[in-house]
Amino acid sequence: MSVKPVIRILYPPKELKCVDSYEIEDLYIACITFDKRYVVFDKTVGKDPLNVLESKAESYLKNILVSRERDFSKVISQAEKPIRHILERQLFGYGVVEPMLMDENVIDIHIVMNNPIKVTHRRYGDMESNIMLSEEEIKELVMRMSTLAGKAVSEANPLASFIEPRYEARVSIVYLSDVTLRKSATVDIRKQPKKPWSILKIIDLGTLTVDEASFLWLAIKYKVPIMIVGEMMSGKTTLATAILNLIPPNSKIITIEDAPEIKLCTKYWTRTTTRETAENPVTVFSLLKVALRLSVDYVVVGEVRGEEARDWAQAILLGHGAVTTFHADSPESALLRLTTPPIMVNPQALKLLNVFVKTIPLRKEEKLVRRSEIYIYDAASESGEYKLYPLFTYNPKNDAVQINPGFENPIKSFPFFKRVALAHGITLDDLEKEYNAMRNVMRSVYEEAKKIDPLLEKPDVCELADLLYKRLGDAIGNKI
């Protein structure tokens, strides 16, 4: 049974001082305070005192409940703008959590009953908000989200994880039950951006240098598997999506995820997710078998956590380009986990996993920034033993990523590029020429875009690949 809606108005706090503030879709204002709090309030409330607004909202709610009109929107449409907005949010949305879901800068919402909601902000990291949910409100939120997703959540079934369809957010719930001693309930909402960041935006934020982005562009074009490792909320999926959108236009791609997070712009993209049910489950392995029958160019397993890594490794052995993410603090830790129980990936497959990207989240000037290092796993030494070699590393003293001495020409430094060149019927000189051209093209496109739009909204992620490949074709004479 649904819980009666609680009418709540987000009224602007008094004497609010913000280090940063911005509007959210012309409905709300978000303020980042000097004491690192995320404060959000209704932009549309006008000058009426809070008690007057609440009284008006309650009055309209009573009219809706006693009205014979089944279309609530007709009753709501007669209300003045502030009240209309509040009622629509409460009756058709997710109440006071709605502005956080609408805010593109908020990537995670962590709700614990009767405590300030904690958000993870793209620029400022983890912060407490000015909103907390009561037991009644968190029950209402859980019922609405689970109903829309077609999932049952109750005291008998208190643990749930699903994709909320309106915002395509991943929701995890620990419901109020004997599991929590009936003292608490928790909801965690992992959001996905409406439009992912392009590689130009990633460069502008300092997450990648132009040379790093160009190297990864070369790798993804020639189907070199890339594993992105890092801590939770370190930007792995954001980076993976930007790299994947550098795949040559019109390539055939299939993505396999347990939750749909990756967004691609190519026309020939098959998006699949696993299904964990007792009857008719759909696993990573079953989707990989379908992928091979579809004769796609790229097989992308969004994230590997455990034994499914063995299935993902099979796609590498068959020569499909791939980018995947893995929760580990370093490439060394990732390799250790991949080669020990319970995962135990085929050693031959690991020899084809040549490129690791390590994401590094940092605090700088009260903001959350991310940097990336690139490591090569190859037999670059005379012994033939496979080792990790740092190609691009981060220096915290000058906040810069630089290529390591001795690897200034990575194409000629690492033997795996010989295999890549042979597989594509080109020479190492061709690869070297193309990498240098990619660096020039990436730098010139970034600098031109920055002059036109400092925020780098244009060219967007769906326009960039066509532009880059056209410029690259002009630069190398379409010979490669």
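This report concerns the structure included in the present document. Everything numeric in this text was worked out from a predicted model, so none of it was measured.

Concerning the overall build of the protein chain
So, step 1. A count of helices and strands for the protein chain gives 16 helices and 19 strands.
So, step 2. Taken against the 2.2 N^0.38 rule, which gives 23 Å for 480 residues, the C-alpha radius of gyration of the protein chain at 25 Å falls within 12% of a compact globule.
So, step 3. Dimensions along the principal axes, computed over C-alpha positions, put the protein chain at roughly 80 × 55 × 40 Å.
So, step 4. Looking at the protein chain as a whole, 50% of its 480 residues are labelled buried.
So, step 5. Taking all contacts inside the protein chain whose residues are at least 6 apart in sequence as the whole, residues at least 24 apart take part in 57%.
So, step 6. Of the roughly 22,800 Å² that the protein chain leaves accessible, carbon and sulfur atoms contribute 52%.
So, step 7. Here the protein chain carries 65 positive and 65 negative side-chain charges, and the mean point of each set is 2 Å from the other.

Observations regarding the environment of His 85
So, step 1. In this fold, His 85 is placed in helix α3 (residues 81–92).
So, step 2. Each C-alpha atom of the pair His 85 and Phe 34 lies 29 Å from the other, and the pair is 51 residues apart in sequence.
So, step 3. Those residues in contact with His 85 that lie beyond four places of it in its chain are Leu 27, Tyr 28, Asp 42 and Thr 44.
So, step 4. There is a polar contact of 2.8 Å between the side chain of His 85 and the side chain of Asp 42.

Quick look at the pattern of salt bridges
So, step 1. Taken as a whole, this structure holds 24 salt bridges when the rule is applied.
So, step 2. One salt bridge connects Asp 20 with Arg 123, and the closest N-O pair in it is separated by 3.0 Å. Placement of Asp 20 in strand β1 (residues 18–24) and of Arg 123 in the loop between β5 (116–121) and β6 (125–132) is noted, with a sequence separation of 103 residues between them.
So, step 3. By relative accessible area, which is 28% here, Arg 123 ends up partly exposed.
So, step 4. One continuous salt-bridge network, built from bridges that share partners, spans Glu 23, Asp 26 and Lys 43.

Thoughts on unusual backbone geometry
So, step 1. Here Pro 341 and Pro 342 are connected by a cis peptide whose omega angle stands at 5°.
So, step 2. You can see Pro 342 is positioned in the loop between α11 (331–339) and α12 (347–350).
So, step 3. Of the consecutive residues Lys 458 and Pro 459, the connecting peptide bond is found in the cis state with omega at -5°.
So, step 4. Phi at Asp 26 takes a positive value of approximately 65°, unusual for a residue other than glycine.
So, step 5. Following the sequence through the fold, Asp 26 ends up in the loop between β1 and β2 (28–33).
So, step 6. Phi is positive for Arg 182, which is not a glycine, with a value near 55°.

Let's talk about helix α9 (residues 284–293)
So, step 1. What α9 keeps buried is the set Val 284, Leu 287, Leu 288 and Ala 291. Looking straight down α9, one finds that the buried residues subtend no more than 105° of arc, so they occupy a single side.
So, step 2. Ser 295 lies just past α9 and shows a positive phi near 55°.

Reading guide: rules and limits
Residues numbered from 1 in each chain as written. Predicted model: local features only at pLDDT ≥ 70, side-chain atom pairs only at ≥ 80, totals over all residues. Heavy atoms only, no water. Helix = DSSP H or I, 4+ residues; strand = E, 2+ residues; numbered from the N terminus. Rg over C-alpha atoms; globule rule 2.2 N^0.38 Å. Buried < 20%, exposed > 50% of the residue type's maximum accessible area, 1.4 Å probe, protein only. Contact = heavy atoms within 4.5 Å. Areas by Shrake-Rupley, 256 points an atom, 1.4 Å probe, with all protein chains shown as cover. Lys, Arg positive; Asp, Glu negative; His and termini not counted. Charge placed at Lys NZ, Arg CZ, Asp CG, Glu CD. Polar contact = N/O pair within 3.5 Å; in protein donor to acceptor, adjacent residues only side chain to side chain. Salt bridge = Lys/Arg side-chain N within 4 Å of Asp/Glu carboxyl O. Arc of directions from axis to C-beta.

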